[in-house]
Amino acid sequence: MYIHLNKKITVPNCNKVRTISWSSDHEFIACGGENGVLKVIKLEANLNSLNKGDNARNFSHNQTLESHKTTVQHVCWNEPFQKLTSSDDAGSIIVWMLYKGMWYEEMVNNRNKSLVTGMAWTFDGQKICIVYDDGAIITGSVDGNRIWGKDIKNANLSKVEWSPDGKTILIGTNELEVQCFDNMGNFVKKVPLATLQALYGRANAYKEVPTLVSIKWFKNSAIDHPLIVAFEDGWLQLMKHEADDFPLLINTELKISSVEWNNAGDMFAVTGSGQAEDGSRKNFLKLYSNEGDMLQMVKVPGSEICDCSWDKSGLKLALAVDTYIFFASVKPNYDWGYLTNAIVFALPSHGRGKRLIFKEIRTNETYEKEVNNFCQMATWMQSCAVVSKVEQGGIISGSGAGGSGSGGGGSSAQSTAEGKRSNSEQTHSLALYNSIGTLIDRHLVNMKVRHCCINSTQMIVASDDSFYAWTFNQSFSGGTVSLKNVHSERLYNELALQSAGGERLEGGHSQQTATATLVSRSDPISCITASERNLLVANQSGVINQFLLPNAVRVHQIQVADCIPYRLAMNRNSSRLSLIDKSSKLYIYDFDATNEQTGTEGDWLDVRLQDVWDMRWAADSADLLAVCEKSRLVILNSSTLEREEPVLSNGNICSFEQLRVKTLLLDSLIVDTMANGTGAKKAVDSYIDQVESQSIRELKDIMAESLPDAVNYILQGASLPSLWNIVAEHSLNSLQLDTASLALVKCKDYKGLQFIKKLNKLSDDDLKLAQVLTYLNRFEEAETIYIERNRPELAIHMNEVLGRYSRVLELLEKYRIANYRKEVESARYKLAQYHADHCQWAEAAENFEKVSAYQQLVPCYIHLENYNGLVRLIDRITSSDSALLTDIGVFLQSMGLCKDSARALVKAGKVERAIEVCVSMSEWKLAIDLAHEHKFEHIDSILSQYVDHLLLERKYIEIVEVKANKISNASAMVVTLIGELKKTGKGDAALFKKLFVLIGMLHQEGRRKANKGATSTALDDLLTTDEAIPSDLDKKMVEDPWKGAEAYHFLLLTQRHLYESYYDLAMKTALHLQDYEEFLSNEEIYSLIALASYSCKSFSVCSKAFIKLEAMSTDSREPNWNASVLIGEPDSEDLDRVDISQEQREKYEKLAIEIFGVNSPNEQERQGTEMTVECKFCGTSIPDYSISCRQCSTKFLPCIVSGKSILDSRHQWTCKQCAHQAIKTEIKQYNNCPLCHFRID
């Protein structure tokens, strides 16, 4: 973490600035001060100067708002509605709005009674709460309407803050209280300040109560302690919520003037005045983490600092100091690292996790990795080491791990519950990833990890008092690690190396197998670093212990006075150490030097740079060190202590080799990634800049004049390989091969010398130059030369070697060289392979299809879910490629495409497998057709097993489908289903009719097959079974399979006539129900007859129905009631039955008395009003509702349309499907048979 001041703005008329606020959404800065000054400005970055430091920022808006007359005390933004609210010490409140680029007054409120001491908008911008010094509280809406207000008597209010959800208001008083209200103004409770009250208990006796300075509640609860309550005397507490009884208590050692969270919630700023080292009072800006650890501080010039505010990115702070606005730049401790060909950094994710973003530099590919409970990270070459906390009882999988840099710092935070919250060991996961986020190895350690570093073979982690070295594997296959398997390899304790009596312990270490033993916390570890041979561990006291790796034997101890080490780094041969302390000072220690005062080995060099925030030793030189000092990059020679001219740069150092420093604009990269997602518009290399050393710049200037002078310059100075490389490249460009050979010899570049020998064999200078450009990776220029020399085949070959197959295809289309078609097919296939390797399936499929590479095309279609494409491939792939056809068939089966899957398997020669697919997906017809077509003999056993399975699951309809070729067994299943439905009461008359119609149609289909001479098949024999048909229905089903359908058809028809008030038709239809007593209950039949006859006033029929109901039996013998009972008199045998329940009998008798006490049963016969007709067979006069002739006993068929009896067969119509009859005049209005729904011609 580094912070420095880089700009200041003077407020007009030298008015003192009292308050400042930076809009996080719109980047306007509002500041208010004395004499009613209120300004709104906006800073805009110069996008063309990404690496030129902060001075490239200019004003894009500057406006003075002139409505306040007295000192402006408060300004606050309403971010969602883009409004500004300001108040002065006269009680005037103004709401400003932006209109056409200018700010105007929207609302003005002047209470003129008391001073406004606090204002706050809800985070959604809907409400504002204003508190006054006299105890008044007013809450209003964004449109200016007052919601509620109240007065708190005998209280002086000072501050106000909303909770993130807008349901709670915290209001501070001058009596060391913070009161909690709901959003309607009802008092809830007091915020616990027990610790502060205990601290000031004695002060209260002397009336020395501290002033409440600020209440700040972070906008969401993603962090542990989002609530800050700060007091003027320097104490503040971090709380989990408004009722937290154990907050973190921090002594900032300042007279606090303001506190402010940044927009990410990972840190907050504290401003105020404190005592400097010389005893004077100075202004300070301090930054703290959200856990209360102090990250950095900086002195601020001026006599008084009043307020501060963060910008949107969290990289800038605006400070209100005297009559100025200072701007401070912040370099956060990003969790990031540079790999050989990639950048990795961590971004906030859901909850407490983070996302590791791996960005490859050359390909601009991005890979993400979610890490839960992220803690630390470090990088080395192609490896990324990540530390994450493991929840107790949890399981570690390949997805977890994470981190911060190798540096760290002490904390001034003291927990009020420290006695209750012991710093016990915690289990952490150590994970190793490669440059694309693939897990390589992992391990568990029982310690609270604060710092980590890595070399080529080991990962070292440290807690406050211990460190742990883990030797990892370079190859690993993932699995699951349980906490039960936690173990440690080496654990070294108490690096202070002090015994209980104060004597120093010599050498050695203590090994444990599980957890660390905490001996002392008096001198915690502040940072660590490791090279291949050495490990350095620094304590906050300035003691640095040196250990030899891999055995971690302590060999040396270094002391630096008045320094808290923050970051360590060693040069390439571990002979020098560079150190940045908490105050951003740079120190360099030479292990090989001799201390002139003590005569011992090792001494601090006389170099102490200020304001240093990053450093990197050269990878190819033990003397050169690159240092970031404020907004400048300085290269330092640690041997001569000479510094090169600084270069303006604001990037983090990635690497330093060949006298070039590679820097990364990490701030911009992270901001853009968070704004645009991982698919950022700009390439990664656009954030990377190459800074050349002064030696390279001077050498290039000399080479521009004379190449021999440049050679002499190197020979007379430092003969570095990197300088000779530059000379060699320049010589090759100018085809001065002798000088290039000399330079390559100096560089010991054997491959380069072989390349020059190859060039000497060429006679054409243009082709030589093209070869040189290719060697120097300037491929476009080389291609241009090849084309100009009419050698397109060389250009094509070069692009093929480079893997640029798209360009190869373009050149082949333009220049049709020999073997054109073969070359195009080869290039297109390789291009498709490239797209497939990068999971670009659409492009890969397009190219594979053009070259008919079906084997590779199938996985592409599968990833694209292009099932139609797979189906089309079945016809295009030959049957000889049975393996590929089988794969397609299996995949289509998993997608539920049975027909296409079977077709692919049959073409592959896997008929049995195709039939199994059909059976498993219940495509029985297709399975049987395939079995017959291919003469498959083993289908019977498969179907038999399936039928047994369906019987166990009571899936009778499915069994019917299987048994469709065996009519009796299929009917048995339907009857069984009907019985199940009647038992459970889940069926209705309409469903029963459909099921009985199904039985009739099955038997009809069987008759047609019999008429065609169909013979029994093996399947018929297989499906023959003796189960399931009830004995009382078996014979009836065989004799008349349609009778059940008739019963429920006429039942439904009777009900329909009743609902439609056709009572005469209802009675005539109900009378036919007497023939279906085996399907319908007697009570249901005769109740309908009684109801229908009563409705049509046929009391004679109604009376006989009641007689039958009253005499109905309750035993298993049902009366076989024929029509004569209703036409004539009841039989005595029918009346001699076991009585139904007495209660039911009394109901029927009572109802009969009520009906027939008024209406005589024989009234129609006496009056002669009964409608009669003549029987066509015997001429007897019978009632028109008769279902049979009482004289000749002729049975009349019922009409399936109206339910009437068909008295004249000459006027009847017969259905071709079910053979049931209807009156011709009635059926005319129908297109389908009412019973079986067969189409009527």
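The following paragraphs examine the structure supplied in this document.

What counts, and where the lines are drawn
Residues numbered from 1 in each chain as written. Predicted model: local features only at pLDDT ≥ 70, side-chain atom pairs only at ≥ 80, totals over all residues. Heavy atoms only, no water. Helix = DSSP H or I, 4+ residues; strand = E, 2+ residues; numbered from the N terminus. Buried < 20%, exposed > 50% of the residue type's maximum accessible area, 1.4 Å probe, protein only. Pairing = 2+ DSSP bridges. Axes fitted to C-alpha atoms, helices over the stretch in contact; angles between N-to-C directions. Arc of directions from axis to C-beta. Patch = residues over 30% accessible without salt bridge, like charges linked within 9 Å, V, L, I, M, F, W, Y side chains within 5 Å. Areas by Shrake-Rupley, 256 points an atom, 1.4 Å probe, with all protein chains shown as cover. Salt bridge = Lys/Arg side-chain N within 4 Å of Asp/Glu carboxyl O.

1. Regarding unusual backbone geometry
- The omega angle of the peptide bond from L549 to P550 is 10°, so this bond is cis rather than trans.
- Counting through the fold element by element, P550 comes out in the loop between β46 (543-548) and β47 (553-559).
- Phi is positive for M381, close to 55°, though the residue is something other than glycine.
- In this structure, M381 sits in the loop between β33 (374-380) and β34 (383-389).
- Of the residues examined, M381 reaches a relative accessible area of 54% and is grouped as exposed.
- The phi angle at S574 is positive, at roughly 60°, despite the residue not being glycine.
- Position of S574 relative to the elements: it lies in the loop between β48 (565-570) and β49 (576-581).

2. What to know about the sheet that holds strand β50 (residues 586-594)
- Pairing is antiparallel in the open sheet, where four strands are placed in the order β48-β49-β50-β51. Edge strands, defined here as strands with exactly one partner in the open sheet, are β48 and β51 (601-604). Here the average twist between neighbouring strands, direction ignored, is 25°.

3. Looking at helix α20 (residues 924-933)
- Of the residues making up α20, those classed as buried are W924, A927, I928, L930 and A931. Projection of α20 onto a plane perpendicular to its axis shows the buried side chains occupying an angular sector of 160°, all on one side. Exposed side chains of α20 directed beyond 90 degrees from the buried face belong to K925, H932 and E933.
- After α20 finishes, the residue K935 shows a positive phi value of roughly 55°.

4. Some remarks on the sheet that holds strand β10 (residues 116-121)
- Spatial strand order, β10-β11-β12-β13: four strands in an open sheet with antiparallel pairing. The two strands at the open ends of the sheet, each matched to only one other strand, are β10 and β13 (146-151). Between one strand axis and the next, the sheet turns by 10° as a mean value, whatever way the strands run.
- For β10 and strand β11 (residues 127-132), the ladder comprises five bridges, and the chain directions are antiparallel. In the strand pairing of β11, M119 is matched with I130.

5. What to know about a nonpolar patch on the surface
- Among the surface-exposed residues, Y99, M102 and Y104 lie close enough to one another that they form a single nonpolar patch of about 310 Å² accessible area.
- A residue is classified by how much of its surface remains accessible, and Y104, at 42% relative accessible area, is partly exposed.

6. Digging into helix α28 (residues 1063-1071)
- Counting buried positions along α28 gives seven out of nine residues, so the element sits mostly inside the fold.
- The complete set of buried residues in α28 reads L1065, A1066, M1067, K1068, T1069, A1070 and L1071.

7. Overview of the pattern of salt bridges
- Applying the stated criterion across every chain, the model contains 36 salt bridges.
- For K16, the salt bridge goes to E304, with nearest N and O atoms at 2.4 Å. In this pair, K16 sits in the loop between β1 (2-10) and β2 (17-22) while E304 sits in the loop between β25 (294-300) and β26 (305-310), placing the two residues 288 residues apart along the sequence.
- Residues R355 and E368 are paired through a salt bridge, measuring 3.4 Å at the closest nitrogen-oxygen approach. Of the two residues, R355 sits in strand β31 (residues 354-360) while E368 sits in strand β32 (residues 366-371), which places them 13 residues apart along the sequence.
- Through salt bridges with shared partners, a single network forms among K16, R18, E34 and E304.

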